[in-house]
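# Geometric and topological summary
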Amino acid sequence: MENCSAASTFLTDSLELELGTEWCKPPYFSCAVDNRGGGKHFSGESYLCSGALKRLILNLDPLPTNFEEDTLEIFGIQWVTETALVNSSRELFHLFRQQLYNLETLLQSSCDFGKVSTLHCKADNIRQQCVLFLHYVKVFIFRYLKVQNAESHVPVHPYEALEAQLPSVLIDELHGLLLYIGHLSELPSVNIGAFVNQNQIKLFPPSWHLLHLHLDIHWLVLEILYMLGEKLKQVVYGHQFMNLASDNLTNISLFEEHCETLLCDLISLSLNRYDKVRSSESLMSDQCPCLCIKELWVLLIHLLDHRSKWFVSESFWNWLNKLLKTLLEKSSDRRRSSMPVIQSRDPLGFSWWIITHVASFYKFDRHGVPDEMRKVESNWNFVEELLKKSISVQGVILEEQLRMYLHCCLTLCDFWEPNIAIVTILWEYYSKNLNSSFSISWLPFKGLANTMKSPLSMLEMVKTCCCDKQDQELYKSSSSYTIFLCILAKVVKKAMKSNGPHPWKQVKGRIYSKFHQKRMEELTEVGLQNFFSLFLLLAAVAEVEDVASHVLDLLNFLKPAFVTSQRALIWKGHMAFLLMYAQKNLDIGVLAEKFSCAFREKAKEFLVSKNEEMVQRQTIWTLLSIYIDGVQEVFETSYCLYPSHEKLLNDGFSMLLRACRESELRTVLSFLQAVLARIRSMHQQLCQELQRDNVDLFVVQSSLSAKERHLAAVASALWRHFFSFLKSQRMSQVVPFSQLADAAADFTLLAMDMPSTAPSDFQPQPVISIIQLFGWDDIICPQVVARYLSHVLQNSTLCEALSHSGYVSFQALTIRSWIRCVLQMYIKNLSGPDDLLIDKNLEQAVEKEYMKQLVELTRLLFNLSEVKSIFSKAQVEYLSISEDPKKALVRFFEAVGITYGNLQTLSDKSAMVTKSLEYLGEVLKYIKPYLGKKVFSAGLQLTYGMMGILVKSWAQIFATSKAQKLLFRIIDCLLLPHAVLQQEKELPAPMLSAIQKSLPLYLQGMCIVCCQSQNPNAYLNQLLGNVIEQYIGRFLPASPYVSDLGQHPVLLALRNTATIPPISSLKKCIVQVIRKSYLEYKGSSPPPRLASILAFILQLFKETNTDIYEVELLLPGILKCLVLVSEPQVKRLATENLQYMVKACQVGSEEEPSSQLTSVFRQFIQDYGMRYYYQVYSILETVATLDQQVVIHLISTLTQSLKDSEQKWGLGRNIAQREAYSKLLSHLGQMGQDEMQRLENDNT
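By the naming in an unreviewed UniProt entry, the protein chain is Protein MMS22-like, taken from Pan paniscus. Quoted straight from UniProt, the Sequence similarities (unreviewed entry) entry for the protein chain says "Belongs to the MMS22 family. MMS22L subfamily."

## Some points on the overall build of the protein chain
Tallying secondary structure elements over the protein chain gives 56 helices and two strands in all. Within the protein chain, the fraction of its 1244 residues that count as buried is 54%. Long-range contacts, defined here as pairs at least 24 residues apart, represent 76% of the contacts in the protein chain between residues at least 6 apart. Of the roughly 55400 Å² that the protein chain leaves accessible, carbon and sulfur atoms contribute 51%.

## Structural notes on the pairing of strand β1 (residues 71–74)
Across the two faces of β1 the burial differs, with Leu 72 and Ile 74 buried and Thr 71 and Glu 73 not buried at all. As judged from the four bridges shared by β1 and strand β2 (residues 77–80), these two strands associate in the antiparallel manner. Within β2, the residue paired with Glu 73 across the bridge is Gln 78. Joining the antiparallel neighbours β1 and β2 is a turn of two residues, in which Phe 75 adopts a positive phi near 55°.

## A few points about the pattern of salt bridges
One pass over the full model with this rule turns up 39 salt bridges. Here Arg 90 and Glu 173 are joined by a salt bridge, their closest N and O atoms 3.0 Å apart. Here Glu 173 lies in helix α4 (residues 158–181) and Arg 90 lies in helix α2 (residues 84–106), a separation of 83 residues in the sequence. Taken together, the salt bridges that share partners define one network made up of Arg 90, Arg 97 and Glu 173.

## Some details on helix α8 (residues 291–310)
Each α-helix winds once per 3.6 residues, and so residues spaced three or four apart point in a common direction. With 20 residues, α8 extends 29 Å between its outermost C-alpha atoms, agreeing within 8% with the 28 Å of an ideal straight helix rising 1.5 Å per residue. Counting buried positions along α8 yields 16 of 20 residues, so the element is predominantly enclosed.

## Some points on the packing of aromatic side chains
Given two aromatic rings, one states the distance between the centres and the angle between the planes to describe the pair. As enumerated under the stated definition, the model contains 64 aromatic pairs in all. Plain terms: the ring middles of Phe 438 and Tyr 481 are 5.7 Å apart, the flat faces sit at 5° to each other, and that makes the pair stacked. Of this pair, Phe 438 sits in the loop between α13 (420–432) and α14 (448–451) while Tyr 481 sits in helix α17 (residues 480–499), placing them 43 residues apart in sequence. The exposure class assigned to Phe 438 is buried, which follows from its relative accessible area of 4%. By relative accessible area, Tyr 481 is classed as buried at 2%.

## Comments concerning the environment of Leu 552
Relative to the elements of secondary structure, Leu 552 occurs in helix α21 (residues 544–555). C-alpha of Leu 552 to C-alpha of His 574: the two residues are 22 residues apart in sequence and 8.5 Å apart in space. Discounting residues that sit within four places of it in the chain, Leu 552 has contacts with His 574 and Leu 591.

## A few points about the side chain of Glu 1181
Residue placement: Glu 1181 occurs in helix α52 (residues 1173–1186). One buried charged side chain, Glu 1181, makes no salt bridge at all; its nearest oppositely charged neighbour is Lys 1223, positioned 4.3 Å away.

Calculation rules
- Residues numbered from 1 in each chain as written.
- Predicted model: local features only at pLDDT ≥ 70, side-chain atom pairs only at ≥ 80, totals over all residues.
- Heavy atoms only, no water.
- UniProt positions renumbered as here; feature names shortened; annotations may be inferred.
- Helix = DSSP H or I, 4+ residues; strand = E, 2+ residues; numbered from the N terminus.
- Buried < 20%, exposed > 50% of the residue type's maximum accessible area, 1.4 Å probe, protein only.
- Contact = heavy atoms within 4.5 Å.
- Areas by Shrake-Rupley, 256 points an atom, 1.4 Å probe, with all protein chains shown as cover.
- Pairing = 2+ DSSP bridges.
- Salt bridge = Lys/Arg side-chain N within 4 Å of Asp/Glu carboxyl O.
- Expected span 1.5 Å × (residues − 1).
- Phe/Tyr/Trp six-rings, centres within 6.5 Å; stacked < 30°, edge-to-face > 60°.
- Lys, Arg positive; Asp, Glu negative; His and termini not counted.

Pasting the structure below:
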């Protein structure tokens, strides 16, 4: 049996059978289910799946393809199939009992691992033989047993006489067999181990086989007795036990006695399970220890209910009820001594538990397949009595028990038809205990406290109670009162579905009658919570308007003091009903009028309350937040708006906004945004509906027009009570930046969708008016502007409309605001005293949130057509840099400059200059906060860097007369402020650092402007000279080493210039400044920091090509240093400069020295030759080593200077001077020798 896989073919109602050999194998109990067959609930070999039960009930051949041979083998002996039971019934039953004994003997064997297989095979073989015999008895009765005519006097054959006695013999033998095996509950092997099968190899101990054989016997005996009665259609009396009992033993009495005994055994087994299960897990635990026990329950249900329909007998529920009543009465007086004594520690709980589990078995049809549509027999009469005992006031009712009872009751409501009486019984109990919290001390309470947190949570609780399927954790998650509400909802819904409104009227009358003035005055806080939960549930399942109206009337009965203390809870209840109205798409006018007035009063109290009265403010705010959250839910839930929705948005909000602090404002503005979003969404839906094709267009349009008017009324209320506040707070720090920007953006989109609803002072262009207030106004905090414009730019429809409106330069003004936002990224408040962020470091100084917003704004801005056009014309890549706003701004400035440079016509250039200046706006105002007394290095670096890039990139633009004024202001403001002009005053280190990094950009840009200026501008050249003059000195190193001058910003400006004209122009200006300001002697005193200046000049000559013009300007000063200054460092640097200049002049001339160089030396000799002849000759010796021709050209001048000197002093020949001069001439070759000779021959 175990090794055959059952491919069960279910019988159809037309009784067409597939008589496969495997299908017709004798069925038996088995819990070794193979789920590979498609998720069957019972084994394929079971009595249900094999169709045995259906064949029994339909009175068909139990095994149509079995026992068809002339002989059969039972218990190892061959028997004649058609006569064996008549001729040898007692022998066969004796052999049966002997096999049972053999199986019981196997239990004594030690079941070690080596013997498992052997014992399994032996036990399985015994069980197969026993089951086969009992099936043979069934087949024999159906096929071969003849009904004898008792009135016939014709002599009968001996076989016929025996056959006539067979029914009585079978009664006796079956009775004896039942006495032999005893009760299931008394079986030694009945323990949890015998019922559990997790053995994948399907080898079972003898105890398993014995238990399942007992189950087979108990069921097959019932089958045989039932078939015997069906076959003979008369009462069969037993002979052997006729006088052993007070009653005659018949097939009917034996059947009923065995049914009762078997049910007692099953109850006893269930009781063993129940005693080991916690109340909280009772419905989640399986009642049956084994699948075969569950199958036996199902078999009994079908057989007994079938028998009660066609015979005068009791149904299954009546059988079970009698036994459970006995258990509940705790009576020791039994009708039969053979009945097992059943005792329970919790008879009430057990009765609920077993009825609920057994009721679930009714879903299985005759094939063991779950059928949800199957009509189920209910047992409400017994359950009603059970419920009355469960809530009896005579004893103390424990909440943990009550939860379990009601959970079972709720489950039964799922299985059975609705029963109003159940609700009535429970309401009698709960109406008296409404003030109880129904909590369990040892269990964390998650029910009522969480339920009452908000109106929405109250409604969620009601929805949960109304769900068709409840949570299995209901015991832990809900109180018994909540479970009662689930029962109430389920019963009323099912009853109204099948019987119309009458059941609701019954329930309503029962519940309403319990509430009157006295009862309402007795309610505590918990009672009021339970009151709202009850009536919200009634409103959800029945007439919401009737229930809400009744609730408002009942609340008027509450004492004023109680109303004051519980106002928050009452408001939550009110709002919950409002939400329910909205969810059911009903007009909320009745509730909204009264509620909104109460809100206005509380908002007024909140406004006049003082900040010191924290307790009072908190109490009022609790109420206001209930209203705000609830109204938000109402708008989000409502399918369409009615005029009454506007009542919810009264002037209480205007007062409330003025009284709120930041945390409270966040709540109110979040509400505003949610309502705005909902209105816009509903407006878009209306527009879509208007665009659809509809047959009755007039009716549809008039309906939509009404909806449009309602929407407009609500929108106008928002403009009236909210926007005026936002407008007044746009420059303050009271409203959080993010929410101010979000709300303003939402109003902008509302103005786009419904422009007529905006205030009159914003007409006729409300969208533009709002953007000017929050997006383009330079006094608005950049954090607000960046977030606001991000929202605006995200809406492609809005951007498209504004870009083509022609009303304002939408894109240009938006670009200007973006530039301001980037430049002011380190400013957190434009109006407050503490307007700069703490300077931690450049990366961390900007708030992360604002940086993200700037990145987003940059990304969106670079999608504007105007920006794309600029980058396209400039052929500059920009996609990769939009993640870094600073780099993006740099690239944008460069692209604008390149685009301008590529323009050809004067008109295009003029328009581009105008547009560029529009981009910048009041750019100096944007950076002004960084230039104040509070020094901020990151802001200064950003300011000077960006302005430097602007000056250089837009040099051609600044060369125009339109833009030069801005350039002058930039230079004056950033490079030549008053503090810079005070030489004795040290500039702040962060400012100097910023200037040092960016100065090359300014110098290069200014030089380009000077070179390309439409009109030569002396003032611009003067500015350039002033800048160079100021910063050459400020950035000179402390020690005059040339190596330290490599990063001097003035030199860097020359080094990084790409074009030749700006280099020469800038260098010329630098040389002029040095000549004028750094090499001028005051009397005989040398200029300050002379060594550093000489080092700077030397570095200048090293890095650039030296022009003779520069030599003319600088060489006299350097020669003067060599003559007048004796400081070694100055002499060394001056000498090096002299050498560089002479060499530089050599490059320009071929053989003849430069006339300009010669004239400089000639003037030098004339100025210093008489007084400082020694130094002059020494300097010229140095020059001679580099270029003899220069000095040779000076011989005549030198000689004349010598003679003039001697003549001036009037002392004759100056031997010392002549010797020094001769030494110089000795370096000049033949020309020098000739001059020496002439001097000797000269007697003058």
